[in-house]
Amino acid sequence: MTGLLVVRPGALTTVQDRGRPGYAHLGVPRSGALDTAAYALANRLVGNPPGAAVLETTLDGVSLRAAAATVVAVTGAPCPVRISGRPVAWGAPVRLPAGAELEVGRAESGLRGYVAVRGGLAVPPVLGSRSTDLLSGLGPPVLSAGTVLPVGPAGPDPVSGADAYGLPAAPSELLLPLWLGPRADWFTGASLAGLWRSALRVSPRSNRIGLRTEGGPALVRARAGELPSEGMVLGAVQVPPDGLPVVFLADHPVTGGYPVVGVVPPGPALDAAAQARPGTAVKFVRAR
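Notes on the structure follow.

Reading the values: the criteria
Residues numbered from 1 in each chain as written. Predicted model: local features only at pLDDT ≥ 70, side-chain atom pairs only at ≥ 80, totals over all residues. Heavy atoms only, no water. Salt bridge = Lys/Arg side-chain N within 4 Å of Asp/Glu carboxyl O. Helix = DSSP H or I, 4+ residues; strand = E, 2+ residues; numbered from the N terminus. Buried < 20%, exposed > 50% of the residue type's maximum accessible area, 1.4 Å probe, protein only. Pairing = 2+ DSSP bridges. Axes fitted to C-alpha atoms, helices over the stretch in contact; angles between N-to-C directions. Contact = heavy atoms within 4.5 Å. Core = buried A, V, L, I, M, F, W, Y, C linked by side-chain atoms within 4.5 Å. Lys, Arg positive; Asp, Glu negative; His and termini not counted.

This part is about the pattern of salt bridges. Inspection of every chain in the model, using the stated rule, returns 9 salt bridges. One salt bridge connects Arg201 with Glu214, and the closest N-O pair in it is separated by 3.5 Å. You can see Arg201 sitting in strand 13 (residues 200–202) and its partner Glu214 sitting in strand 14 (residues 210–214), a full 13 residues away along the chain. For Glu214, a relative accessible area of 25% puts it in the partly exposed group. For the salt bridge of Asp251 with Arg208, the shortest nitrogen-to-oxygen distance reads 3.0 Å. In this pair, Asp251 is assigned in the loop between strand 17 (246–248) and strand 18 (255–256) and Arg208 in the loop between strand 13 and strand 14, connecting sequence segments 43 residues apart. For the pair formed by Asp251 and Arg208, the shared burial category is buried. Within this structure, Glu56, Arg112, Arg208 and Asp251 form a network of salt bridges that share partners.

Following this line, the structure appears as structure tokens:
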């Protein structure tokens, strides 16, 4: 088994795979890569199986040193990629020689990058997943300098050609399709009508747990009081007391007591939410 030494961990770099669905009844969130399309592409480029573990970086990348020669690929937010100071391709498989340093730079647009290594990261799985869960603390810790990440053996699938052109660019405006319910009746009709016209923005307080919004008019309650805690799903749009919607992402809690005005279905819109920087305009549109 080979390994990668963490030279520079970046602002927030975690190990992620497809997550650990099916444990909400035990209080365990799904977790997993936020931008599922970029995650899948990174693995495909290096010939990994679909569920292999990768690194998810946040804004300023990561630097890694290889103990043995391997193949890596960087996808997600476009950024400069260098091997021992020499520029190499982003969104394509590149050879990383033994002892060389992979430098993944600051995102030029978007927010989160994905670094796949052939063979996948072989950190110990917890409940069937190698994902770091920031809410529950399950999985490997957030990367720190000096950590050695084990790499598994390469599988039989060949390294792929570049197909990064299939990924959308980071959004200049985040359009989120919304199915109203189950608690839309907790808000006034005028407030709900205004939701479709609201000029919201991504809040700097957003994280892997949820995309928080700011700047728009608050949703106004039609009912007083609070709900008992009830189950939450990926994409649920919860409305806390300030009236500004929060879109639950991969590390969301499995229950919550604030009313859920609607749900953003899994798919390209939530992938785009993973790449939306603070200040990005947010608009809710009716899901079809």
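In any sheet, the strands associate via hydrogen bonds between backbone groups, in a parallel or an antiparallel arrangement. Spatial strand order, 2-3-10-5-8: 5 strands in an open sheet with antiparallel pairing. Each edge of the open sheet carries a strand with a single partner, namely strand 2 (14–16) and strand 8 (94–96). On average, each strand axis in the sheet is inclined to that of its neighbour by 35 degrees, with strand direction left out of account. Sheet analysis places strand 3 (residues 54–58) next to strand 10 (residues 112–117), joined by 4 bridges and oriented antiparallel. From the neighbouring strand, Thr57 faces strand 10, where its bridge partner is Gly113. With respect to the sheet, helix 1 (residues 36–46) is in contact with strand 2, strand 3, strand 5 (70–76) and strand 10, its orientation differing from that of strand 5 by roughly 155 degrees.

Negative phi characterises most residues that are not glycine, and trans characterises most peptide bonds. Between Gly181 and Pro182 the backbone carries a cis peptide bond, its omega angle lying at 10 degrees. Phi is positive for Ser84, close to 50 degrees, though the residue is something other than glycine. Relative to the elements of secondary structure, Ser84 occurs in the loop between strand 6 (81–83) and strand 7 (86–88). Located in the positive-phi region is Leu127, a residue other than glycine, with phi close to 55 degrees. Using a relative accessible area of 37% as the deciding quantity, one classes Leu127 as partly exposed.

With 42 residues, the main nonpolar core has Tyr114, Leu176, Leu211, Val247, Val264 and Phe284 as its most contacted residues. Elements supplying a minimum of two residues to this core: helix 1, strand 5, strand 10, strand 12 (173–180), helix 2 (189–195), strand 13, helix 3 (268–274) and strand 20 (281–286). The element best represented in this core is helix 1, accounting for 6 residues. Not counting residues up to four positions away in its chain, the partners in contact with Val247 are Leu176, Ile209, Gly210, Leu211, Gly235, Ala236, Val237, Val264, Leu270 and Phe284. Ranked by size, the runner-up nonpolar core spans 26 residues in total, among them Leu64, Val81, Val88 and Leu149.

Within the secondary structure layout, Pro153 lies in the loop between strand 11 (148–151) and strand 12. Look at Pro153 and you get exposed, because its relative accessible area is 70%. Separated by 91 residues in sequence, Pro153 and Val62 place their C-alpha atoms 23 Å apart.

The next subject is the side chain of Asp35. Of note, Asp35 is situated in the loop between strand 2 and helix 1. There is no salt bridge for the buried Asp35, and the closest opposite charge comes from Arg112, which lies 8.6 Å off by N-O distance. Not counting residues within four places of it along the chain, the set of residues in contact with Asp35 comprises Tyr114, Asp271, Ala274 and Gln275.

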